[in-house]
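# Topology and contacts: notes
Listed here are the chains, written in short residue letters.
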Amino acid sequence: MLGVSHGALQFMTYEEMKNRYNQNRKRPIDAKLTTVEYLTFAAVSKLIAAAATYPYQVIRARLQDHNHRYKGTWDCVKLTWRYESWRGFYKGLGPNLLRVTPATMVTFVTYENVSRYLLDLGKVAPSATSSSSSSASSK
């Protein structure tokens, strides 16, 4: 369950930031933003989701490490806290964010542009279909 919480938190944060940003600018919440704005919201949402869920990933990785023996998940959490404090739960976060954040940003911008294109295509398609139907029936 915790494994999917990262993506859920990231998408929720991303959408909430977009909506509030547009509300503060007195625009409809679905108003189109600039590419830089989408990139910024994607990066910030990734940082927030990672900060909230990275400790789970550290514990999972440590439990899968065959060089250490833990009695279970709680034992791993206790030993990490005892010997490394809170920093132990975020070990490797910086390199991980440097690796995944650019891909996340590109993914979100691509999603926004494809989504906007398909929505605009859907608005144009019915009128184009009805005009071609009426011209075909008049022949």
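Keep in mind that this is a model prediction, so the values were computed, not measured.

About the thresholds
Residues numbered from 1 in each chain as written. Predicted model: local features only at pLDDT ≥ 70, side-chain atom pairs only at ≥ 80, totals over all residues. Heavy atoms only, no water. Helix = DSSP H or I, 4+ residues; strand = E, 2+ residues; numbered from the N terminus. Expected span 1.5 Å × (residues − 1). Buried < 20%, exposed > 50% of the residue type's maximum accessible area, 1.4 Å probe, protein only. Arc of directions from axis to C-beta. Core = buried A, V, L, I, M, F, W, Y, C linked by side-chain atoms within 4.5 Å. Contact = heavy atoms within 4.5 Å. Salt bridge = Lys/Arg side-chain N within 4 Å of Asp/Glu carboxyl O. Phe/Tyr/Trp six-rings, centres within 6.5 Å; stacked < 30°, edge-to-face > 60°. Axes fitted to C-alpha atoms, helices over the stretch in contact; angles between N-to-C directions. Parallel < 35°, antiparallel > 145°, perpendicular 65-115°, else oblique. Nonpolar A, V, L, I, M, F, W, Y, C, P; charged D, E, K, R; others polar. Patch = residues over 30% accessible without salt bridge, like charges linked within 9 Å, V, L, I, M, F, W, Y side chains within 5 Å. Areas by Shrake-Rupley, 256 points an atom, 1.4 Å probe, with all protein chains shown as cover. pLDDT = per-residue confidence, 0-100.

Between its first and last C-alpha, helix α3 (residues 73–84) extends 16 Å over twelve residues, near the 16 Å set by a 1.5 Å rise per residue. Every buried residue belonging to α3 is among D75, C76 and T80, and all of these are buried. The arc that holds the buried residues of α3, viewed along the axis, is 130 degrees, so those residues lie on one side. Those residues of α3 that are exposed and aimed more than 90 degrees away from the buried face are W74, W81 and R82. The first or second residue beyond α3 is S85, which carries a positive phi of 60 degrees.

The biggest cluster of nonpolar side chains holds eight residues, and these are Y14, M17, L33, Y38, F41, A42, F108 and V109. At the level of secondary structure, the elements contributing two or more residues to this core comprise α1 (2–24), α2 (35–64) and α4 (93–137). The element best represented in this core is α2, accounting for three residues. Discounting chain neighbours no more than four positions away, the residues touching Y38 are Y14, K18, A31, K32, L33, V109 and E112. Judged by nonpolar contacts, the second largest core, of five residues, contains A50, Y54, V58 and L93.

Glancing now at the pattern of salt bridges. Tallying each qualifying case throughout the model produces six salt bridges. Here R20 and E16 are joined by a salt bridge, their closest N and O atoms 2.8 Å apart. Of this pair, R20 and E16 both sit in helix α1, separated by four residues, roughly a single helical turn. Residue E84 pairs with K91 through a salt bridge whose shortest N-O separation is 2.8 Å.

Per the stated rule, a full pass over the model turns up five aromatic pairs. Taken together, a centroid distance of 6.3 Å and an interplanar angle of 35 degrees make the contact between W81 and F89 tilted. Here a set of aromatic residues connected by ring pairs shows up, and it is made of F11, Y14 and F108.

Right, let's get into the side chain of E37. Residue placement: E37 occurs in helix α2. Residue E37 is classed as buried on the basis of its relative accessible area of 15%. Beyond its immediate stretch of four places on either side in the chain, E37 contacts Y21 and R25.

Between α2 and α3, the shortest axis-to-axis distance is 10 Å and the interhelical angle comes to 110 degrees. Judged by the inter-axis angle, α2 sits roughly perpendicular to α3. Together, I59, R62 and L63 of α2 and T73, C76, V77, T80 and E84 of α3 make up the contact between the two elements. Each residue belonging to the contact of α2 with α3 can be placed in one class, and the counts come to four nonpolar, two polar and two charged.

Our focus in this paragraph is a nonpolar patch on the surface. Taken together, V114, Y117, L118 and L121 make up a surface patch of nonpolar side chains, about 410 Å² in accessible area. Its place among the elements puts L118 in helix α4.

Let us now look at the confidence of the model for the protein chain. Residue-level pLDDT values for the protein chain average 87, and 87% of them are 70 or greater. The secondary-structure element of the protein chain with the lowest mean pLDDT is α4, recorded at 81, while α2 shows the highest, at 94.

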